[in-house]
Structure formats: structure tokens, C-alpha cells
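Geometric and topological summary
The chain contents come next:
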Amino acid sequence: MEKLRLGIIGIGGMGTNHVNSLLNGLVPNMELTAVADIRQSRLVWAKENLPDTVFIFDDGKKLIDSGTCDAVLIATPHYFHPEYVIYALEHGVHAISEKPAGVYTKQVREMNEVAEKSDKTFAIMLNQRTNCIYRKLHEMIQSGELGEMKRVNWIITDWYRNQSYYDAAGWKATWDGEGGGVLLNQCPHQLDLLQWLCGMPVKVRAFCHEAKWHNIEVEDDVTAYMEFENGATGVFVTTTADAPGTNRLELTFEKGKIVCEAGKLIFDKLSANVREHCMIEKEGFKQPDCTRIEVETDGQNEQHVGVLKAFADHIIKGTPLVADGVEGIRGLTLSNAMHLSSWLDCTVELPFDEDLFLVELNKKRATSKKKEDAGIVFDTAGTF
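Summarised in this report is the structure supplied together with it.

Calculation notes
Numbering of residues starts from 1 in each chain and follows the order in which that chain's sequence is written. The predicted nature of this model means local features are confined to residues of pLDDT at least 70 and side-chain atom pairs, given and counted, to a pLDDT of 80 or more, with totals for whole chains, interfaces and linings taken over all residues. Values shown for side chains rest on all heavy atoms present in the structure; no hydrogens or waters enter the calculation. Every helix listed is a DSSP run of H or I at least four residues long, and every strand listed is a run of E at least two residues long, numbered separately from the N terminus. When the sulfur atoms of two cysteines come within 2.5 Å, that pair is taken as a disulfide. Three exposure classes are used, based on accessible area relative to the maximum for each residue type with a 1.4 Å probe and protein chains only: buried under 20%, partly exposed in between, and exposed over 50%. Residues enter patches when they are more than 30% accessible in relative terms and free of salt bridges; like-charged ones are connected within 9 Å and nonpolar ones (Val, Leu, Ile, Met, Phe, Trp, Tyr) within 5 Å. For the accessible areas, the method is Shrake-Rupley and the probe is 1.4 Å, while residue cover comes only from the protein chains on display. Each reported salt bridge corresponds to a side-chain nitrogen of Lys or Arg within 4 Å of a carboxyl oxygen of Asp or Glu. Between any two strands, at least two bridges found by DSSP are needed for them to pair. Throughout this description, the term nonpolar core refers to a set of buried Ala, Val, Leu, Ile, Met, Phe, Trp, Tyr and Cys residues connected via side-chain atoms within 4.5 Å.

Before going further, it helps to spend a moment on unusual backbone geometry. Following Ala243, the chain continues into Pro244 via a peptide bond in cis, with omega recorded as -5°. Along the chain, Pro244 falls in the loop between β10 (233-239) and β11 (247-253). A cis amide bond links Leu350 to the next residue, Pro351, at an omega of 0°. Position of Pro351 relative to the elements: it lies in the loop between β15 (348-349) and α13 (354-366).

And the structure:
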């Protein structure tokens, strides 16, 4: 196999972005052979804009059954990600899912169990793991050179969205259609990176404000506090209403502090372990000496294209994935825990009660209101 034949299920904003990447030759080891969507307007678009060599289906399962693809990319509304991944794997087709892995962990756990039994590849579009800044930081943490983590603060508010964004699709920003707001749509990447870099917290206390800044059902403003097993603490702040927004990740370790912001990785390196220094230094206010370093990276940041290249190469050559699909449950666990904490107005310990979460989610879904689909597809290029 020289090229992986890919079908894309769901050609809305993200699906269309992937279509364009393939048609423009940005993923040389992959070719687009089929697309599917249940919306007539998108099928018309596909017939008018895609080459005659691309098969068009009005249902994702028909695409999977057609034999036109070696693999499928799932870019549907969130609730359907596990359903299509499971169907693909059980019918001998490799699968890669857009984020998030699903809406609730119980559903995703069932998907992961199918994936573990399958001989087909399952990956997930966690494209921020391709960012050289986060890859280098992960490498530094894993090496042990920073010592134990003491604190993590992430303010990620550069997700500004107008009301027109939420009004564009009938499923968006509803509990029954999307299953959540900024945590489930914009922040899966940051929540994945949070656990990838820092590990999973053991406690979460969150405040998820619903419809605070937009006419929507779901949360558009979140502040969460976390505790980790080693005693480290963390704060995660996000919204889709701040302009201009901020993306600043600050991590404090025993041997220094690292700030990720504006495409730079700044390391304030201490001359001594601060915990040890604290116990032996006789002068009451004297800190360890500190050297500021701008950490060099390889400069590579391929994002979605990099994930797709790695997916194809893994199937063709056996090389590593950017993110195994079963890892998607970790970031989702964080967003589920934040939602549950806010809904119940209490601290949630991880692992949490998945059945209780589903009960509470279904209460939200029961009150969810249907809204008209405006049929607008925004260009999502560069919005990661």
C-alpha cells in the first residue's frame, strides 16, 4: 500500500478542512476516496466541489460498508464519534476520530474496549500534541530534570466566538446535540495536554457558567481547581467570550518555572531544588539563584496534517501514532468531572461515578431545545 484510502464522515467545518488538506496534497501518503453526510446541502456541495473520483454517501455506515476506503475519519457531531468508530473497527476499517472522543466516558469506554480487541488502527485527532512547544515541554518533564510539579495554571481564553457561530448549526451549543460547550468543543486539546504533561488530578472543583455570554444552553465560561496525587494544585480557566483572549500555561516545579505563551517556552531555571533550599537557607527571604532560558525546539508544528501523516504511516509502515485513540478518554474524563462538579456544586474525586454523570447529563438533554440548522459552514483553518 503506497497511499491510504480515506473516507471522511461528516463534511461540516472540520471535515471540510480535512477534505481541503487532502485535495491540496498536504498529506502525501493519503488520498481522499469518499465522503458522507446526512445533510442534503453538504451532499450538494460535495457533488459540486469534489473530484469525480470521490464517492459520496448520505450515511456514514454506507461509506464504511462500500469498500471504497481503508480508513475513515469521523468528523460528525460529538455523540456519534464512538458509534462510527465502533462500526468501522468491527467492519475491518481503520478509524481516526475528531476530538472529543465522545460526550461521556461510559460511552467512550465501550468504544475503547472494541478498539483493544480489534486488529485495526484507532487514532484520535489530538493535533496539539504535534506542537513543538508542548512536545519539548513533555520531554523535559519526562526526563525528570524539573523535579516534582508543584502547580499548574492554564488560562486559555483565546476562543472568542460570536453568536452567529453558535447559530450556524442546529446541533451546536445544545445538550442533546453537542453535549457541552467550551469544555467539549474548544478545550479537548488543552485538557488532553494537561493530563499528558501533568498526569490526571485526583480531585476537581469546577464552576461552569451556562449561557453567561451567549444565547446558548451550554457552558461558555469555566473556572476549575484541581489537586494532584503528589500534592500539586492547578487552575484551569476558559471562555469563548474574551476579546482579546489569552493562552498562557504556567507550570511550577521544584527546580524552576516554565511559561508557554506566544509560541515561546520560557524556563526560569533554579540553581537548587527549591524545597531543599527552603529547609537549609539561613536568610529568610533569599531565593535560589535563577537563570532565564528560552528553550529551543525543533520548530515543527504540523497540527492536523501531522496527525493524518502519522496515522497513514502507522498503517502503512508501522511507525508511531501522534495519539492512540484510546487515550482520548483521559481529557474527556477531565471535562466530565468539571461538568459533574459544577452540576452537583461539590468537589468530585477521580475516578468519578460514570453512571451518575450520565444521569445528570440526561437531565440536561431532556430540557434541551431543538433549533433550526442555518446550514452555514465556517472555515475552521487555523482555529486550533
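The rest of the description comes next.
Where two cysteines share a covalent bond between their sulfur atoms, that bond is called a disulfide. The tally for this structure, following the rule as stated, stands at 0 disulfides. Unpaired in this structure, Cys187 has its nearest cysteine sulfur neighbour in Cys208, at a distance of 10 Å. Looking at Cys187, the relative accessible area reads 0%, which means it is buried.

Residues Leu344, Leu356 and Val359 make up a contiguous nonpolar surface patch of about 210 Å² in total accessible area. Residue placement: Val359 occurs in helix α13. Here Val359 falls in the partly exposed class, since its relative accessible area comes to 45%.

Pairing of strand β8 (residues 203-210) with strand β9 (residues 219-227) involves 8 bridges; the strand directions are antiparallel. In the sheet register, Phe207 faces β9, and the bridge partner there is Thr223. The sheet contact formed by β9 and β10 spans 7 bridges and is antiparallel. Paired with Thr223 across the strands is Val237, a residue of β10. Linkage of β9 to β10, two consecutive antiparallel strands, is achieved through a turn of 5 residues, within which Gly231 is found at a positive phi near 100°.

Our next topic: the nonpolar core. The biggest cluster of nonpolar side chains holds 87 residues, and the ones touching the most others in it are Val72, Leu137, Phe236, Leu249, Met338 and Leu361. Per element, the largest residue contribution to this core is 7 residues, and it comes from helix α12 (residues 328-344). Core analysis: the second largest hydrophobic core is formed by 25 residues, Ile8, Ile11, Val54 and Ile315 among them.

The next thing to look at is helix α9 (residues 188-198). Judged by how many residues are buried, α9 sits mostly within the fold: 11 of 11 residues are covered. Regarding α9, the residues found buried are Pro188, His189, Gln190, Leu191, Asp192, Leu193, Leu194, Gln195, Trp196, Leu197 and Cys198. A positive phi of about 85° marks Gly199, the residue just after α9.

The next thing to look at is the pattern of salt bridges. Across all of its chains, the model carries 22 salt bridges by this definition. Asp176 is the salt-bridge partner of Arg365, the closest N and O atoms lying 2.8 Å from each other. With Arg365 in helix α13 and Asp176 in the loop between α7 (163-167) and α8 (182-185), this residue pair connects regions lying 189 residues apart in the sequence. Residue Asp176 is classed as partly exposed on the basis of its relative accessible area, which comes to 27%.

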